[in-house]
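# Fold and geometry: a report
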Amino acid sequence: MSKYELDAKRLLCPMPVIRTQDKIKTLAVGDILEVVCTDPGALNDVPAWCRINGHKILETKTVDDEVIIIIEVSDAGDKT
Amino acid sequence: MSKQRKAVSLISGGLDSLLATKVLLDQGIHVEGINFFTGFCVEGHTHAIRKQDKDKVKRNNALWSAEKLGIKLHIIDVIEEYKDVLLNPKHGYGQNMNPCLDCKGFMVKKAVEWIKENDFDFIITGEVIGQRPMSQRKETMPIIQQESGAGDLLLRPLCAKNLPETLPEREGWVDRDKLLDFSGRTRKPQMALAKKYNFEGYATPAGGCCFLTDKNYSDKLVDMWEHRSSRDYELDDLMMLKVGRHIRPNENFKMIVGREQGENKFMEGYRKMYPYIYCTSHNGPLTLLDGNITESDAELAARIAARYGQGRDADEVEMSVNYPDGKQVVLKVKPMLSDEIPEAWYV
């Protein structure tokens, strides 16, 4: 299990979702990805993408103006 | 045991693609969604940028639809490839800069590539004959099939009974009798079907989420092209068209004036790309300058920008003009009066 960070700051939706999706394709099951965004819409959209594609949301938080979403890559998820 | 057939559905986030997908799911087809981001589906960006809109509920409608349907959704960045569709539409533009027929053909073509790569059997869309004046007419539906290369792998469940049989129907993968015969601009059949499925809260944006159907946005896009040597664009250019008040005092340059705190903050991220102006003697907006700026342009822009700050009624304010190479000039100017700014300067 490895930890990764994805900088999606200044990107507006759906770009944070697309970057998350593309990054997860390169990761292994059990890897942890921390996505950092500035678009508050990412707080809804990235978890929604994870739910429908089977990845686990470990934590979401807002620090100052940054939205942080921590994801565990699941084998039920979309890796195609 | 027969093979589980798989379809990919073009999910826009609107009601028609939601219903079309549900109709196929009810027939036992495995459906996954695909959504293409062209750079112009930017309906949520104003909410994301503007501070006064921060508390409004935001959602991506395609993700919402997929979650409602219980299917996977693949969102694909097609910004680069889409440029050719927008800049050279074979079938021309609609009422604004919307190349709807070419756009639909492009998206179905991308879906054809996707089903080949991912071993899916066919494609579905939420198109309805007569629903849209450009891309959803009986005459244009075969054009989309032909030019995309989808042929009879493209099934439109909501109006399939009004169209020739497709491969999934002929092969018995789907039951044609359970498909629908919607047509025309009325939305009543869709709304009735949504009610039957208990779909509530679906998105109903006029013209879809694409801002190329929006006159103000299209006008800004055309103005940008007319004042550059090339019609090429980047995603940042498209973002800028959604932000601020756009003023073109002369052919050399355009001003983008932040309208509120959220926009000013968003525009701060672009200070390395554009010359910019802000007021040092009073509170006021950030202004980005797009174009080649002479000294007299800078002074004119400073006077206009001062108009939108708290020093608008002062005899003189101090404006800092900053260039991407680090050069900074402080100008003392008299803010322009509102009636000194011609209406024609507003893009």
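As the structure is a computational prediction, the values presented were derived from the model and not from experiment.

## Describing the overall build of chain A
- Scanning chain A from terminus to terminus reveals 2 helices and 4 strands.
- In chain A, the succession of α and β elements from N to C terminus is β-α-β-α-β-β.
- Scaling as 2.2 N^0.38, a compact globule of 80 residues should have a C-alpha radius of gyration of about 12 Å, and chain A matches this with 11 Å.
- By its C-alpha atoms, chain A is 30 × 20 × 15 Å across when sized along the principal axes.
- Classification of the 80 residues of chain A by burial places 40% in the buried group.
- Taking the contacts inside chain A whose residues are at least 6 apart along the sequence as the reference set, 62% of them involve residues at least 24 apart.

## A short note on the domain arrangement of chain B
- The assigned domain composition of chain B is domain 1 (6-211) and domain 2 (243-345).
- For domain 1 of chain B versus domain 2 of chain B, the distance between C-alpha centres works out to 42 Å.

## Focus: the packing of helix α5 (residues 100-118) of chain B against helix α6 (residues 141-148) of chain B
Residue and element names in this part refer to chain B.
- Their axes nearest at 8 Å, the elements α5 and α6 cross at an angle of 45 degrees. Regarding the angle of α5 to α6, the classification is oblique. Remark: the crossing between α5 and α6 carries right-handed chirality. Residues Leu101, Lys104, Gly105, Val108, Lys109 and Val112 of α5 form the contact with α6, whose own contacting residues are Ile143, Ile144, Glu147 and Ser148.
- Tallied by class, the residues present in the contact of α5 with α6 amount to 5 nonpolar, 2 polar and 3 charged.

## Quick notes on the interface of chain A and chain B
- Across the contact, 19 residues belong to chain A and 18 residues belong to chain B.
- Secondary structure elements with two or more residues in the side of chain A that touches chain B: α1 (15-24) and α2 (42-53) of chain A.
- In terms of residue count, α2(A) provides more of the side of chain A that touches chain B than any other element does, 7 residues in total.
- For the side of chain A that touches chain B, the residue count by class is 9 nonpolar, 5 polar and 5 charged.

## Focus: unusual backbone geometry
All names here are of chain A.
- In this model, cysteine 13 is joined to proline 14 through a cis peptide bond whose omega is 10 degrees.
- When you line up the elements, proline 14 lands in the loop between β1 (3-8) and α1.
- Of note in this structure, arginine 10 is not a glycine but carries a positive phi near 70 degrees.
- Residue arginine 10 is classed as partly exposed on the basis of its 16 C-beta neighbours within 10 Å.

## Focus: the environment of B:Ser2
Residue and element names in this part refer to chain B.
- Residue position: serine 2 is located in the segment before β1 (6-10).
- Using a count of 7 C-beta atoms within 10 Å as the deciding quantity, one classes serine 2 as exposed.
- C-alpha of serine 2 to C-alpha of leucine 212: the two residues are 210 residues apart in sequence and 44 Å apart in space.

## Quick look at the sheet that holds β1(B)
Residue and element names in this part refer to chain B.
- The 5 strands lie next to each other as β3-β2-β1-β4-β5, forming an open sheet whose pairing is parallel. Each edge of the sheet is formed by a strand with only one pairing partner; in this case those strands are β3 (73-77) and β5 (154-155).
- Bridge count between strand β4 (residues 122-124) and β5: 2 bridges; the pairing is parallel. Within β5, the position partnered with isoleucine 123 by the bridge is leucine 154.
- Set on the sheet, helix α1 (residues 15-25) makes contact with β1, β2 (30-37) and β4; between it and β1 the angle comes to about 170 degrees.

## As for the pairing of strand β8 (residues 276-279) of chain B
All names here are of chain B.
- Of the two faces of β8, the one lined by Tyr276 and Tyr278 and the one lined by Ile277 and Cys279 are each fully buried.
- When β8 meets strand β9 (residues 287-291), the two strands line up antiparallel, connected through 2 bridges. Paired with isoleucine 277 across the strands is threonine 287, a residue of β9.
- Across 4 bridges, β8 lies against strand β10 (residues 317-322) in antiparallel orientation. When the bridges of β10 are listed, cysteine 279 appears paired with methionine 319.

## Here we look at the confidence of the model for chain B
- Predicted confidence across chain B gives a mean pLDDT of 92, with 94% of residues reaching 70 or more.
- Interface confidence in the predicted complex, given as ipTM, is 0.90; pTM for the same model is 0.88.

## Some remarks on the packing of α2(A) against helix α3 (residues 61-69) of chain B
- Relative to each other, α2(A) and α3(B) sit at 30 degrees, their axes nearing to 10 Å. Classed by the angle they form, the pair α2(A) and α3(B) counts as roughly parallel. As for the relative orientation of α2(A) and α3(B), their crossing is left-handed in sense. From α2(A), A:Asp45, A:Ala48, A:Trp49, A:Arg51 and A:Ile52 reach across to α3(B), where they touch B:Leu63, B:Ala66 and B:Glu67.

What counts, and where the lines are drawn
Residues numbered from 1 in each chain as written. Chains lettered and ligands numbered in written order. Predicted model: local features only at pLDDT ≥ 70, side-chain atom pairs only at ≥ 80, totals over all residues. Helix = DSSP H or I, 4+ residues; strand = E, 2+ residues; numbered from the N terminus. Rg over C-alpha atoms; globule rule 2.2 N^0.38 Å. Buried ≥ 20, exposed ≤ 12 C-beta atoms within 10 Å, placed from the backbone. Contact = placed C-beta atoms within 7 Å. Domains from an automatic or database assignment. Axes fitted to C-alpha atoms, helices over the stretch in contact; angles between N-to-C directions. Parallel < 35°, antiparallel > 145°, perpendicular 65-115°, else oblique. Left-handed = near helix turned anticlockwise from the far one by under 90°. Nonpolar A, V, L, I, M, F, W, Y, C, P; charged D, E, K, R; others polar. Pairing = 2+ DSSP bridges. pLDDT = per-residue confidence, 0-100.

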